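Notes for the structure review
This is what each chain is made of:
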Amino acid sequence: SASVPLDVPWAHRSTVVEAMPWNVKAVRGWLRSRGVGRVTLKKRGVSLDPEAVRRQLRLSGPSEATVVLTRVAGQPVAVMVDPA
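Values in this document were obtained by computation on a predicted structure and should not be read as measured data. (Residues numbered from 1 in each chain as written. Predicted model: local features only at pLDDT ≥ 70, side-chain atom pairs only at ≥ 80, totals over all residues. Heavy atoms only, no water.)

Relative to the helices and strands, Thr 70 resides in strand 3 (residues 63-72). A distance of 3.1 Å separates a polar atom in the side chain of Thr 70 from the backbone oxygen of Arg 44. If we ignore the near neighbours within four places in the chain, the residues touching Thr 70 are Arg 44, Val 46, Gln 75, Pro 76, Val 77 and Val 79. (Helix = DSSP H or I, 4+ residues; strand = E, 2+ residues; numbered from the N terminus. Polar contact = N/O pair within 3.5 Å; in protein donor to acceptor, adjacent residues only side chain to side chain. Contact = heavy atoms within 4.5 Å.)

Right, let's talk about the pairing of strand 4 (residues 75-83) for a bit. Looking at chain direction, strand 1 (residues 14-21) and strand 4 are connected through seven bridges and run antiparallel. Considered in strand 4, the bridge of Pro 21 is made with Val 77. Relative to strand 4, strand 3 runs antiparallel, the two sharing seven bridges. Within strand 4, the residue paired with Val 68 across the bridge is Val 79. Adjacent in sequence and paired antiparallel, strand 3 and strand 4 are bridged by two residues, among which Ala 73 carries a positive phi angle near 55 degrees. (Pairing = 2+ DSSP bridges.)

Right, let's get into the environment of Asp 7. The topology assignment puts Asp 7 in the segment before strand 1. With relative accessibility at 63%, the residue Asp 7 sits in the exposed group. In this structure the C-alpha to C-alpha distance between Asp 7 and Pro 76, which are 69 residues apart in sequence, comes to 28 Å. Of the polar contacts made by the side chain of Asp 7, one reaches the side chain of Arg 13; its length is 3.0 Å. (Buried < 20%, exposed > 50% of the residue type's maximum accessible area, 1.4 Å probe, protein only.)

Mapped onto the secondary structure, Gly 74 falls in the loop between strand 3 and strand 4. Judged by relative accessible area, Gly 74 falls into the partly exposed class, the value being 46%. Sequence separation between Gly 74 and Gly 45 is 29 residues, and the spatial gap between their C-alpha atoms is 9.4 Å.

Have a look at this one:
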């Protein structure tokens, strides 16, 4: 992470929009309130199946979002990002 944009050839830059402890209902509510129907799930350090998570979210709407599932201080976290 960085406070200023940094372009490097081996990484993609994203802006963090929201972060919250991983909870299906909370993430579903956040995404639905923004009209998200399609979600790209990225994961690192969690043993969640992205397809199972996508089914659990049961989304419908015209927008698309990217959610990164990871761990912070040993706890699962959902980070909603906006690809730059």
